[in-house]
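Close look at the chain arrangement
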Amino acid sequence: MELLIHPTYFPSIATFAMLVQHEVVWEAHDNFQKQTYRNRCYICTDKGKHMLNIPIQHVGGEEGRQKYVDVRMDNSYGWKKIHWRTLETAYRTSPFFEFYEDDIKPLFEGKEESLFDFNMKTIEIIGGCLGIEIPKEKTTTYELQPSEVRDLRFLVNAKNEKDFGLELYPQVFEERHGFIANLSILDLLFNEGTQTLDYLKSQSINTKDA
């Protein structure tokens, strides 16, 4: 059965493992919600777990609720330069940062406005780094309780995240902060490089109690 998942900003490792292991349909008709992975991801810096947050253009008044596909990023704030500079600082000494740098850096130089489309682009770029094709199928309507797909839309939630039982791998600042699980796929890619796909395929993600 296909999985129903939200496209998010450089998705978490658990989300990407599910993407690698199963056929996926992207949720494209839900409402945007704050404090989710739709516009944030987590990496590890020398100070520990760190959030990269994409500012969005909020719609006021009666139109305060927006569809995810209609959300626009607030590019008046130089967040792309800040995010890239933070990634450079955090992962420059990782084993594979330079190996993938030229693939990922252009994402922070473009002028995309759609958050949904930008997130899909980050996923496609990572897919290219891993040598896999990213599914294109999207939902055509919103279903509260879909019956034809397995609903994993809860993976978008950044609050109260459960332990998915991910295996440990070497991290740049592990000696300082200990292992930090389920960060952005970028953390795994920069640390594990060419072994990333094998790692993702080998994970048994427990989503039953999530």
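Structure: see above.
These notes cover the structure that comes with them. All figures in this text were calculated on a predicted structure; none of them were measured in a lab. (Residues numbered from 1 in each chain as written. Predicted model: local features only at pLDDT ≥ 70, side-chain atom pairs only at ≥ 80, totals over all residues. Heavy atoms only, no water.)

Moving on: empty space enclosed by the protein. According to the stated counting rule, one finds one cavity of 30 Å³ or more in the structure shown. Looking at the largest cavity, its volume works out to about 40 Å³. Residue lining of the largest cavity: Thr-8, Tyr-9, Phe-10, Pro-11, Ser-12, Tyr-37, Arg-40, Cys-41, Tyr-42, Asn-182, Leu-183 and Ser-184, and that is the complete set. Classifying every residue of the lining of the largest cavity gives seven nonpolar, four polar and one charged. (1 Å grid on protein atoms, 1.4 Å probe; cavity = no way out; pocket = protein on both sides within 12 Å on 5 of 7 lines; lining within 4 Å. Points joined across faces, edges and corners; volume = space filled by probe spheres on them. Nonpolar A, V, L, I, M, F, W, Y, C, P; charged D, E, K, R; others polar.)

Let's shift gears to helix H6 (residues 185-192). Of all the eight residues making up H6, eight are buried; the element is thus mostly covered by neighbouring parts of the structure. Within the span of H6, buried status applies to Ile-185, Leu-186, Asp-187, Leu-188, Leu-189, Phe-190, Asn-191 and Glu-192. Check the buried side of H6 and you find it contacts helix H1 (13-21), strand S3 (40-45), helix H2 (79-91), helix H3 (97-104), helix H4 (115-130) and helix H7 (196-202). Positive backbone phi, approximately 55°, marks Gly-193, located one or two places after H6. (Buried < 20%, exposed > 50% of the residue type's maximum accessible area, 1.4 Å probe, protein only. Helix = DSSP H or I, 4+ residues; strand = E, 2+ residues; numbered from the N terminus. Contact = heavy atoms within 4.5 Å.)

Estimated volume of the largest pocket: approximately 350 Å³. Lining the largest pocket are 21 residues, and of these Asp-30, Asn-31, Phe-32, Gln-33 and Arg-38 sit closest to its centre. Grouping the constituent residues of the lining of the largest pocket by class yields seven nonpolar, eight polar and six charged. Estimates place the volume of the second largest pocket at around 180 Å³.

In this section: the sheet that holds strand S2 (residues 24-26). Spatial strand order, S2-S1-S5: three strands in an open sheet with parallel pairing. Each having just a single partner strand, S2 and strand S5 (150-151) make up the two edges of the open sheet. Strand direction decides the pairing type here: strand S1 (residues 3-5) and S2, joined by three bridges, are parallel. Bridge pairing links Leu-4 to Val-25 in S2. (Pairing = 2+ DSSP bridges.)

With six of its six residues buried, S3 lies for the most part within the structure. Burial of S3 is two-sided: the residues Arg-40, Tyr-42 and Cys-44 facing one way and the residues Cys-41, Ile-43 and Thr-45 facing the other way are all buried. Pairing of S3 with strand S4 (residues 48-53), which is carried by six bridges, proceeds in the antiparallel orientation. From the neighbouring strand, Cys-41 faces S4, where its bridge partner is Leu-52. The loop that links S3 with its antiparallel partner S4 comprises two residues.

The phi torsion at Gln-35 lies on the positive side, around 55°, for a residue other than glycine. One can find Gln-35 in the loop between S2 and S3. Judged by its relative accessible area of 40%, Gln-35 falls in the partly exposed class. One non-glycine residue with positive phi stands out, namely Asn-182, at about 55°. With respect to the helices and strands, Asn-182 occurs in the loop between helix H5 (174-177) and H6.

With that out of the way, let us pick up the environment of Gly-131. As for its position among the elements, Gly-131 is in the loop between H4 and S5. Residue class for Gly-131 comes out exposed when judged on its relative accessible area of 67%.

What follows covers the side chain of Arg-38. If you trace the backbone, Arg-38 turns up in the loop between S2 and S3. Of the residues examined, Arg-38 reaches a relative accessible area of 2% and is grouped as buried. A polar side-chain atom of Arg-38 sits 3.3 Å from a polar atom in the side chain of His-6. Separated by 2.7 Å, the side chains of Arg-38 and Asp-30 make a polar contact. (Polar contact = N/O pair within 3.5 Å; in protein donor to acceptor, adjacent residues only side chain to side chain.)

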